[in-house]
Amino acid sequence: MARTPFIAGNWKLNLTVSEGVALAKGLVGALKPGVEVAVCPTFLALYPVAQAVAGSALGVGGQNCYWEEKGAFTGEASASFLKDAGAKYVILGHSERRQYFGETDATINKRLKAVLAQGLVPILCIGETLAERDGGLLQQVLKTQIEGSLAGFTAAQLETLVVAYEPVWAIGTGRTASSAQAQEAHAFVRSVLRGVVGDLADRVRIQYGGSVKADNAKELLSQPDIDGALVGGASLKLADFSAIIAAA
Ligand code: PEP
């Protein structure tokens, strides 16, 4: 099953508005046919970045969103506001959100509902810690995260779903899963998805994330169940991210 490769950059709490706009403008020149590319700036930079690349094929996404649409929720941003600002995608359940901000599969499920209601494309992050992997819990953790986050949705509602498999021990550490380890996890994720959304599992893009760099991207992306990458550190520099796009 041919799936369009999807490379997304997660800028996290990096790049000012002017830095983000400059990088995004540069990335427009690095796009290539047949590869979907997006950047996920801070909430502050999202609108100016989206304006700067309007009309190009470079997509823009949020790094998170709240489940309520508006109201007395200090510090939050909703899916409808992200959409209005130019977002097409929203990252959900990143491990840093789980680790530092109390995100759970139940709250991700609520956010997912809001994202889909706005017609935005969810990038659902899942992944195990090193202790969980070493403890033989890899499959159990991934299954729980997928089933918990997707509970209550039909396959038709999840048509645009993107999943990012990001082993927590490989995020920002310089330590990447081997292509064999990543492929094994991705194949397992797809098998769990099959139980939840049936044949749609063959069309769901599953990105790999965790210290993806120009020099390991090609091998990771050549695995049959790896359909793209969610890139942190290496998405912050034009040359590095362009090289990853070129490898896709
Ligand atoms: C991420 O934050 O999703 C990520 C994969 O980060 P890094 O590429 O820096 O490991």
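Residue positions are counted from 1 within each chain, in the order its sequence is given. Selection of residues for local features in this predicted model requires a pLDDT of at least 70, selection of side-chain atom pairs for listing and counting requires 80 or more, and totals for whole chains, interfaces and linings are taken over all residues. The basis for every side-chain value is the complete set of non-hydrogen atoms in the structure, without hydrogens or water.

1. Examining helix H5 (residues 105-117)
- The end-to-end C-alpha separation of H5 is 18 Å, in line with the 18 Å expected for 13 residues at 1.5 Å each.
- A simple rule labels every residue: compare its accessible area, found with a 1.4 Å probe on the protein chains alone, to the largest value its type can have, and call it buried under 20%, exposed over 50%, or partly exposed in between. Numbering goes from the N terminus for both helices and strands, where a helix is a DSSP run of H or I of at least four residues and a strand is a run of E of at least two. Along H5, the residues classified as buried are Asp105, Thr107, Ile108, Asn109, Arg111, Leu112, Ala114, Val115 and Leu116.
- Contacts between residues were defined by any pair of non-hydrogen atoms, one from each residue, lying within 4.5 Å. Looking at the packing, one finds that the buried side of H5 touches helix H3 (79-85), strand E4 (89-92), helix H4 (95-101), strand E5 (121-126) and helix H7 (138-150).
- Of the residues flanking the end of H5, it is Gly119, one or two places downstream, whose phi is positive at about 75 degrees. Helices are assigned an expected span. That span is 1.5 Å times one less than the residue count.

2. What about the nonpolar core?
- Side-chain atoms within 4.5 Å link the members of a nonpolar core, which is a set of buried Ala, Val, Leu, Ile, Met, Phe, Trp, Tyr and Cys residues. Core analysis: the largest hydrophobic core is formed by 68 residues, its most contacted members being Ile7, Leu158, Leu193 and Tyr208.
- With 7 residues, the top contributor of residues to this core is helix H8 (residues 179-197).
- Domain start and stop points were drawn from an automatic or database domain assignment. There are two domains that each give this core at least three residues, and those are domain 1 (16-28 + 35-55) and domain 2 (63-67 + 76-173 + 188-227).
- If you look at the next biggest cluster of nonpolar residues, it comprises 12 residues, including Phe6, Ala8, Cys40 and Val162.

3. So, the layout of surface pockets
- Only protein atoms enter the calculation, which uses a 1 Å grid: trapped sets of points that fit a 1.4 Å probe without letting it out are cavities, open sets showing protein on both sides within 12 Å along at least five of seven lines are pockets, and any residue with an atom within 4 Å of a point is a lining residue. Grid points are joined across faces, edges and corners, and a volume is the space filled by probe spheres set on the points. Approximately 480 Å³ is the volume attributed to the largest pocket.
- Lining the largest pocket are 17 residues, and of these Lys12, Leu13, Gln63, Arg97 and Phe101 sit closest to its centre.
- Of the volumes computed, that of the second largest pocket is approximately 150 Å³.
- If you trace the second largest pocket, you find 16 residues lining it, with Lys12, Gly172, Ser211, Gly232 and Gly233 closest to the centre.

4. Considering the domain arrangement of the protein
- We note that the domain assignment places domain 1 (16-28 + 35-55) and domain 2 (63-67 + 76-173 + 188-227) within the protein.
- Distance from the C-alpha centre of domain 1 to the C-alpha centre of domain 2: 22 Å.
- Across the contact, 9 residues belong to domain 1 and 11 residues belong to domain 2.
- Salt bridges are identified by distance alone: a Lys or Arg side-chain nitrogen within 4 Å of an Asp or Glu carboxyl oxygen. For Arg205, the salt bridge identified is with Glu36, shortest N-O distance 3.1 Å.

5. Quick word on the site of the ligand
- Of all residues adjacent to the ligand, which total 14 residues, the nearest are Lys12, Glu166, Gly172, Ser211 and Gly232.
- The definition of a polar contact used here is a pair of N or O atoms within 3.5 Å, where within protein one atom must be able to donate a hydrogen and the other to accept one, and adjacent residues in sequence count solely through side-chain atom pairs. Contact between the ligand and His94: an oxygen atom at 2.8 Å from a side-chain N or O atom of the residue.
- Glu166 places a side-chain nitrogen or oxygen 2.6 Å from an oxygen atom of the ligand.
- For the ligand, the accessible surface in isolation is 290 Å², of which the surrounding protein chains cover 97%.
- Molecules are considered to sit inside a cavity or pocket once more than half of their atoms lie within 2 Å of its grid points. A molecule is said to occupy a pocket when more than half its atoms come within 2 Å of that pocket's grid points, and by this definition the ligand occupies the second largest pocket.
- Classification used: nonpolar for Ala, Val, Leu, Ile, Met, Phe, Trp, Tyr, Cys and Pro, charged for Asp, Glu, Lys and Arg, polar for all others including Gly. For the shell around the ligand, the per-class residue count stands at 4 nonpolar, 8 polar and 2 charged. The nearness test applies per residue and asks whether one of its heavy atoms lies within 4 Å of the molecule or strand. To be clear on the numbers: accessible area is Shrake-Rupley with a 1.4 Å probe, and residue cover counts the displayed protein chains and nothing else.

6. Some words on the packing of aromatic side chains
- A pair of aromatic rings is counted whenever rings of Phe, Tyr or Trp (Trp by its six-membered ring) have centres within 6.5 Å, and the orientation is called stacked for planes under 30 degrees apart, edge-to-face for over 60 and tilted otherwise. All told, the structure shown has 5 aromatic pairs when counted by the stated rule.
- Aromatic pair Tyr66 and Trp67: ring centres 4.5 Å apart, planes at 35 degrees, arrangement tilted.
- Residue classification places Trp67 among the partly exposed residues on the basis of a relative accessible area of 23%.
- Centre to centre, the rings of Tyr66 and Phe73 are 5.1 Å apart; their planes meet at 45 degrees, and the pair counts as tilted.
- Among the residues examined, Phe73 registers a relative accessible area of 31% and is labelled partly exposed.
- An aromatic cluster is built from Tyr66, Trp67 and Phe73, whose rings are joined through pairwise contacts.

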